[in-house]
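# Remarks on the overall topology
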Amino acid sequence: MRSILHSFAWRIRAWVGSDRVDAAWVRLARVYRPWVRGPIAIGVTGSGGKSTAKELIHGLLASTGPGVANPGSLNMLHQIAKVVLAMRPWHRYAVAELTEHEPGAMAANVALFRPSVALVTLRRDDHAAAFEGAAQVLAEFACLLASLPASGTAVLNADEPEIAALQEHTSARVITYGVADHAHVRAEDVDGDWPSTLSMTLVHGDERARATTQLHGRHWVPVVLGAVATALACGLSLRQCAQVLGSLPALSGRMQGLTTADGVHVVRDDYKAPYWTVAAGLDFLQRAKAPRKVAVIGSLSDFGPGVGAAKRYAQLAEQLNGLVDLALFVGPWATAALGARCHPSTRRMAFSSVLDLSTFLNAELRSGDLVWLKGTNKQDHLERLLLTRDRQVDCWRDDCRLTRSCTSCPELGRRSRPPNHGATAVRNDEAPAPEHPWQAAPPAADEWVAVGLGNAGAQYDNTPHNLGAATLQALAAAEGWTWHRDTNMHVARGSLNGRSVSLLLPQVAINLTGPALRRIAERWGLAPARMVLVHDDLSLPLGTVKQRQAGSAGGHRGIDSVLVAFQSDGFCRIKVGARPSEPPESWIDHVTKPFDPSSHALANAGVEQAVARLRTLLRQAPRKAET
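What comes next concerns the included structure.

### As for the packing of aromatic side chains
For the structure shown, the criterion picks out four aromatic pairs. The ring of tryptophan 276 has arginine 124 lying over it, and the distance from NZ or CZ to the ring centre is 5.5 Å. If you follow arginine 254 out to its NZ or CZ, it ends over the ring of tyrosine 271, 3.7 Å from the centre.

### Considering the sheet that holds strand β13 (residues 326-330)
A sheet is described by the order of its strands in space; here six strands give the open sequence β10-β11-β15-β12-β13-β14, paired in mixed fashion. Strand pairing shows two members of the sheet lacking a second neighbour, β10 (256-259) and β14 (347-351), which therefore form its edges. On average, each strand axis in the sheet is tilted by 20° relative to the strand beside it, whichever way the strands run. Pairing of strand β12 (residues 293-297) with β13 involves four bridges; the strand directions are parallel. Along β13, the bridge assignment pairs valine 294 with leucine 326. Relative to the sheet, helix α11 (residues 309-319) contacts β12, β13 and β14, its axis offset from that of β13 by approximately 165°. Running at roughly 160° to β13, helix α12 (residues 354-364) makes contact with β12, β13 and β14 of the sheet.

### Regarding the environment of leucine 467
Following the sequence through the fold, leucine 467 ends up in helix α16 (residues 467-479). Taking the C-alpha atoms as reference points, leucine 467 and aspartate 262, separated by 205 residues in sequence, lie 49 Å from one another. Every residue in contact with leucine 467, bar those within four places of it in the chain, is listed here: Asp536, Leu542, Val576, Gly577, Ala578, Phe595, Ala603 and Val607.

### Observations regarding the pairing of strand β11 (residues 265-269)
Along β11, four of the five residues are buried, which leaves the element largely enclosed by surrounding structure. Looking at chain direction, β10 and β11 are connected through four bridges and run antiparallel. Counted as the bridge partner of leucine 258 is valine 266 from β11. Counted along the chain from β10 to the antiparallel partner β11, the turn is five residues long, and its residue glycine 263 has a positive phi close to 85°. Pairing of β11 with strand β15 (residues 370-374) involves five bridges; the strand directions are parallel. Among the inter-strand pairings, arginine 268 is bridged to a residue of β15, identified as leucine 373.

### Brief notes about the pattern of salt bridges
Using the criterion set out here, one finds 23 salt bridges in the structure. Across the salt bridge formed by glutamate 479 and arginine 615, the nearest N and O atoms sit 2.4 Å from each other. Of the two residues, glutamate 479 sits in helix α16 while arginine 615 sits in helix α20 (residues 597-620), which places them 136 residues apart along the sequence. You can call arginine 615 partly exposed: its relative accessible area is 25%. Each of Arg292, Arg347, Glu364 and Asp369 takes part in one network of salt bridges that share partners.

### A few points about the sheet that holds strand β21 (residues 545-548)
Spatially, seven strands are ordered β17-β18-β19-β16-β20-β22-β21 in an open sheet, and the strand pairing comes out mixed. A strand with exactly one partner marks an edge of an open sheet, and here the two such strands are β17 (483-485) and β21. For this sheet the average axis-to-axis angle between neighbouring strands, irrespective of direction, equals 25°. In terms of strand pairing, strand β20 (residues 531-541) meets strand β22 (residues 572-579) through seven bridges, oriented parallel. Counterpart to valine 534 in the pairing with β22 is isoleucine 574. Against the sheet, α16 makes contact with β16 (448-452), β17, β18 (489-496), β19 (499-506), β20 and β22, and its axis sits at roughly 140° relative to β19, the strand it touches most. Packing against the sheet, helix α17 (residues 513-524) makes contact with β16, β18, β19 and β20, and its axis sits at approximately 140° to β19.

### Section: unusual backbone geometry
Glycine aside, residues mostly have negative phi, and peptide bonds are mostly found in the trans state. Residue proline 195 is bonded to the preceding tryptophan 194 through a cis peptide linkage, with omega at 15°. In this structure, proline 195 sits in the loop between β7 (185-191) and β8 (199-204). With a phi close to 55°, arginine 114 is a non-glycine residue in the positive phi region. By secondary structure assignment, the location of arginine 114 is in the loop between α5 (105-113) and β4 (117-120). With phi around 55°, asparagine 497 is a residue other than glycine that occupies positive phi space. Locating asparagine 497 in the fold gives a position in the loop between β18 and β19. Assessed through its relative accessible area of 47%, asparagine 497 is described here as partly exposed.

### Section: the environment of glycine 72
Here glycine 72 lies in the loop between β2 (67-69) and α4 (77-86). Sequence spacing of glycine 72 and lysine 54 is 18 residues, and the spatial spacing of their C-alpha atoms is 9.1 Å.

### What about the state of the cysteines?
Throughout the structure, instances matching the rule amount to zero disulfides. In this structure cysteine 342 is a free cysteine whose sulfur lies 20 Å from that of cysteine 572, the closest cysteine sulfur available.

### Let's talk about the side chain of aspartate 536
Relative to the assigned elements, aspartate 536 resides in strand β20. Comment: no salt bridge for buried aspartate 536; closest opposite-charge side chain is lysine 575, at 11 Å. At 3.0 Å, the side chain of aspartate 536 and the side chain of histidine 465 are in polar contact. Separated by 2.9 Å, the side chains of aspartate 536 and histidine 556 make a polar contact. The contact partners of aspartate 536, leaving out residues within four places of it in the chain, are Pro464, His465, Leu467, Gly468, Ile510, His556, Val576 and Ala578.

### Concerning the environment of alanine 261
Examined against the element boundaries, alanine 261 turns out to sit in the loop between β10 and β11. Given a relative accessible area of 74%, alanine 261 falls into the exposed group. Considered as a pair, alanine 261 and serine 367 are 106 residues apart in the sequence and their alpha carbons are 9.2 Å apart.

### Overview of the packing of helix α3 (residues 50-62) against helix α8 (residues 221-233)
The interhelical angle for the contact between α3 and α8, taken along N-to-C directions, is 40°, at an axis separation of 9 Å. By the angle class used here, α3 and α8 are oblique. For the element pair α3 and α8, the recorded crossing hand is right-handed. Contacts between α3 and α8 involve Thr52, Ala53, Leu56, Ile57, Leu60 and Leu61 from the first element and Val223, Val224, Ala227, Val228, Thr230 and Ala231 from the second.

### Some details on the packing of α3 against helix α9 (residues 238-245)
To characterise two packed helices, one gives the angle between the axes of the helices and the distance between these axes. At a minimum axis distance of 9 Å, the contact between α3 and α9 shows a crossing angle of 110°. Regarding the angle of α3 to α9, the classification is roughly perpendicular. In this structure, α3 crosses over α9, and the sense of that crossing is right-handed. Listed contacts from α9 to Leu56, Gly59 and Leu60 of α3 are Cys241, Val244 and Leu245. A per-class count over the contact of α3 with α9 returns five nonpolar, one polar and no charged.

Procedures and definitions
- Residues numbered from 1 in each chain as written.
- Predicted model: local features only at pLDDT ≥ 70, side-chain atom pairs only at ≥ 80, totals over all residues.
- Heavy atoms only, no water.
- Phe/Tyr/Trp six-rings, centres within 6.5 Å; stacked < 30°, edge-to-face > 60°.
- Lys NZ or Arg CZ within 6 Å of the ring centre and 35° of its normal.
- Pairing = 2+ DSSP bridges.
- Helix = DSSP H or I, 4+ residues; strand = E, 2+ residues; numbered from the N terminus.
- Axes fitted to C-alpha atoms, helices over the stretch in contact; angles between N-to-C directions.
- Contact = heavy atoms within 4.5 Å.
- Buried < 20%, exposed > 50% of the residue type's maximum accessible area, 1.4 Å probe, protein only.
- Salt bridge = Lys/Arg side-chain N within 4 Å of Asp/Glu carboxyl O.
- Disulfide = S-S within 2.5 Å.
- Lys, Arg positive; Asp, Glu negative; His and termini not counted.
- Polar contact = N/O pair within 3.5 Å; in protein donor to acceptor, adjacent residues only side chain to side chain.
- Parallel < 35°, antiparallel > 145°, perpendicular 65-115°, else oblique.
- Left-handed = near helix turned anticlockwise from the far one by under 90°.
- Nonpolar A, V, L, I, M, F, W, Y, C, P; charged D, E, K, R; others polar.

Shown next as structure tokens:
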């Protein structure tokens, strides 16, 4: 029956429109809310920990009577409306996680929900792009507190000075919590490092009670204390709270501990990943006792002002040095970790897709391993890495963007793969023809090899994605070098400034360049330190050129495939600008369609600059082979 109703509801949404349906929920709730006066309405907000705090409060209060709460992290206004409409006069409580994702959001929340108790956790950089600064975020929290009646209660984090200072915005009673001595609700004797769960002695006035939770990580201490302080405000005793806490499970994807059938321990912290939350996971790993520790890092967010994603991934890679045995990165920025300093006790790898990572983990993990999954559910769906150890998983898309859990997703059993996955890169059984320039004289240790990226096939000539290949073709034409062509690669060889140089065009789709180049390199003894990658770059305007000594793929899937195949970012690169003056309707179509007449001149100018830059690079490059 529930599935039928769910299906019917989605048909209504499709017909009427989601915005109109959501607005209808809110209008109904506004009419209904004044008639429901029995339940204690509890609003929970903050940059982090509010979903878990809300669930703990829900669990604690449910031990004394019926009540309602919004599920998971569904905290937008129309979801709050559904909580209101689920409230009944005989309910003891209603608890709602209230979002502060943009200026003015809280005012709409409190006008609809009308809380009498409010819990504020902390402020961090979540949703920072929507605000002009910390003051605007704090103003959202203050709005919640100001809405409380004088008979209500504000529960504030004493360990966060800016949160504690918000008490000036309310006339309600204030209860503080934290590890600070002046907090009303405190924790002592905190324990519970892996494999144990978090435990502590709860302190309120002269009362003390030992509590054990199902949570992993000491960063949950203030969240537990906030939930307990809220429960105390609603009439529970400290001893009641301690007794119930042990029965409340961790929220899915928030440091949730699970064990697979083959004995691998996984702590899922993959619901969302603002960069500031990484520190809690690192502390958990440092304290954990396990025979082998593995960190899996997916998509991170909210890196802070003035700091790019590549730098943050590299910083995290270095922080994991010596802390874990395996540091595994997956996703668009995974290759940024390859340039970080290495540590002899930590093996670091980057993967282009979750499917490739899963294949590696299925062969690598063993009973007793502790795996920390850190990522963003909407981008990564790292949960599949766990599910595939116990069941068949056929959906390995990396662009799903659904927010639902993979466990309940009907697409889980529908076969799908990342783009180009499983395609053949290079034929292993084909020997080069006798006239191949490397057959008589393989590349010497001091010979430089320039690799031009592009899609194989004449139909891709004169397209943005083939600017790298076009650069090498232009250099060969200028020098009068002859191309040797076979099904695997096109090679031209000659001398520049008295040194031998080879130009290489792998004959594959551009996004398969990595596996193809790796096999070629293994066969002919080519090292990354002696190769130059020449490729298009959509971050540079058409007609411009930039040189880079090393670094991440920067979103270029062809370069990503190379760095992942070699597990190294140590390739010098010449990037040929491919960004048009106006954004195209489809970037995928743009890079694979020939330049229009108005762009030819700029494209040719860019190729000429790239040829000149390549000549200069090869002239100035060291002659002695690097190790």
